[in-house]
Amino acid sequence: MNTIASENTGRPVISSTGLFTPEESISNEELVEAFNAFVDRHNAEHADAIAAGEAEELQHSSVEFIEKASGIKSRHVMNKAPIIDPAIMEPRHRERSNDELSLMAEIGVAASRQALERAGRDVADVDAVLCAASNMERPYPAMAVEIQQALGIDGFGFDMNVACSSATFGIQTAADYVRAGNAKSVLVVSPEITSGHLNWRDRDSHFIFGDVATAVLVEDASIAPAEHWDILGTKLKTVFSNNIRNNFGFLNRACPESQGSPDKLFVQEGRKVFKEVVPMVAHMIVEEAERLGIDPKALRRMWLHQANAGMNRLIAHKVLGHEAEEDESPTVLDTYGNTSSAGSIIAFHQHSGDLAPGDTGLICSFGAGYSAGTVFVRKAA
Ligand code: COA
């Protein structure tokens, strides 16, 4: 019996990650120009009602506010032109036939291919695909099964949605398959086409989201490439809250009073989210680090969920005990915006190559649910 292999069986690691970034992006300046043109049109069209006090006058958005409140400077999107057309203000995608690869699957496949390539992994050795994302393009067949088919993987796949925490929940699920011996290689794919569920006409949130896809290859250490990240521990938490909500769904599809209601897209009480989630997540990180025997103050790097620069500053400060340098808590918010569950994975993908063997870090997500997930990792020696 091969002792090295048996020692490693059931020990989950991250073998590689992949990233797909849409070519098009919208700067704050372009976004605000379109939004303000829409506001001017709206106010002109409803001038009489506004003067009579029967309709509310819409307010301009501002580039300065967006950057100061969120840290976002631009965001990538799959379909820019209609989003910044003041007469449309939403993405418009051609409906694909059932014989074509669907849009979410297409970008999920692109990210997955990169992850597989970086690990030198043959698809014949992949057992499962989890599509973990905030919104699915359709209820079924599962996006994961379509991605699995497109990649040529012989195994199983399913979709899971825990909003912004989908990727970390997916990593723990994959790690549990490995720990239990049910799989040796699992792809966790997060295609996030957030532009489709953002209300581009809402001043409070029109600047928040961007589109992207990430993939994380979670494997048994026995088959992982030499360069990998040991998963030291994973922890998940959910606490119900209405402060981030999206009521889009098949039950209200034909309900006349729900048509055009803003809560069929993303809505949030941003201030409450900020106040409630920061302490919850900071506490969870410290508690889990201690359970794993890791000094949270000694974490080499934190790849935090990318929703708001201020939130990340506060969380990192509470965990590390000092103001975090960019090197300790890197941001991708400035160019990607909030990419829902993919955010912390983009940060990890782009800012982990320089760490040394033995360095310990944390991938952490948080968002609607509320939900939060931590994945403590150590670069393999
Ligand atoms: N342009 C200019 N001003 C704006 C604006 C815009 N686009 N949007 C809001 N404002 C104004 C508001 O009207 C308000 O004005 P007032 O003080 O006169 O009432 C002021 O700016 C502050 O608004 P507020 O909504 O309290 O801003 P904020 O500082 O809380 O920042 C968020 C807003 C959304 C960026 C911030 O709350 C946040 O990121 N929260 C966490 C969100 C989160 O993580 N969500 C998870 C999603 S997955």
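Here the structure is shown first, and the text comes after it.
The notes below deal with the structure included here. (Residues numbered from 1 in each chain as written. Predicted model: local features only at pLDDT ≥ 70, side-chain atom pairs only at ≥ 80, totals over all residues. Heavy atoms only, no water.)

## Things to note about the pairing of strand E13 (residues 371-379)
Part 1: Taken across its nine residues, E13 has eight buried, putting it largely inside the fold.
Part 2: Note: strand E8 (residues 229-238) against E13, nine bridges, orientation antiparallel. The residue bridging lysine 235 from the neighbouring strand is threonine 374, located in E13.
Part 3: As defined by bridge partners, strand E12 (residues 360-367) adjoins E13 across eight bridges and the pair is classed as antiparallel. From the neighbouring strand, leucine 362 faces E13, where its bridge partner is phenylalanine 376.
Part 4: In sequence, E12 turns back onto E13 through a hairpin of three residues, with glycine 369 there showing a positive phi of about 140°. (Buried < 20%, exposed > 50% of the residue type's maximum accessible area, 1.4 Å probe, protein only. Helix = DSSP H or I, 4+ residues; strand = E, 2+ residues; numbered from the N terminus. Pairing = 2+ DSSP bridges.)

## Comments concerning the sheet that holds strand E11 (residues 301-304)
Part 1: If you walk across this open sheet you meet the nine strands as E5-E4-E6-E7-E1-E8-E13-E12-E11, and the pairing is mixed. Edge positions in the sheet fall to strand E5 (156-160) and E11, since each of these pairs with one other strand and no more. Across this sheet, the average inter-strand angle for adjacent strands is 25°, counted without regard to direction.
Part 2: Where strand E4 (residues 128-132) and E5 come together, five bridges link them in parallel fashion. Its bridge partner being in E5, leucine 130 is matched across the sheet by phenylalanine 158.
Part 3: Helix-sheet contacts for helix H6 (residues 103-119) involve strand E1 (12-20), E4, strand E6 (185-192) and strand E7 (212-220), and the interaxial angle to E1 is about 130°.
Part 4: In this fold helix H12 (residues 343-350) packs onto E1, E7, E8, E11, E12 and E13, with an angle of close to 95° to the strand it touches most, E1. (Axes fitted to C-alpha atoms, helices over the stretch in contact; angles between N-to-C directions. Contact = heavy atoms within 4.5 Å.)

## Section: the site of the ligand
Part 1: Near the ligand you find 18 residues, and of these Cys164, Arg203, Gln268, Arg271 and Asn308 are the closest.
Part 2: In the model, a nitrogen atom of the ligand is placed 3.0 Å from a nitrogen or oxygen of the glycine 270 main chain.
Part 3: The contact in question runs from an oxygen atom of the ligand to an N or O atom on the side chain of asparagine 308, over 2.7 Å.
Part 4: Protein chains shield 72% of the accessible area of the ligand, which is 970 Å² for the free molecule.
Part 5: Secondary-structure elements contributing two or more residues to the shell around the ligand are helix H4 (63-70) and helix H9 (270-291).
Part 6: Split into classes, the residues belonging to the shell around the ligand amount to nine nonpolar, six polar and three charged. (Near = heavy atom within 4 Å. Polar contact = N/O pair within 3.5 Å; in protein donor to acceptor, adjacent residues only side chain to side chain. Areas by Shrake-Rupley, 256 points an atom, 1.4 Å probe, with all protein chains shown as cover. Nonpolar A, V, L, I, M, F, W, Y, C, P; charged D, E, K, R; others polar.)

## Points about the pattern of salt bridges
Part 1: Applying the stated criterion across every chain, the model contains 15 salt bridges.
Part 2: Here arginine 94 makes a salt bridge to glutamate 100, at a shortest N to O gap of 2.8 Å.
Part 3: On the basis of relative accessible area, arginine 94 is assigned to the exposed category, the value being 57%.
Part 4: In this structure, glutamate 219 engages arginine 121 in a salt bridge whose closest nitrogen and oxygen atoms are separated by 2.6 Å. With glutamate 219 in strand E7 and arginine 121 in the loop between H6 and E4, this pair connects stretches of sequence that are 98 residues apart.
Part 5: What emerges from the salt-bridge pattern is a single network uniting Arg300, Arg301, Asp327 and Asp354. (Salt bridge = Lys/Arg side-chain N within 4 Å of Asp/Glu carboxyl O.)

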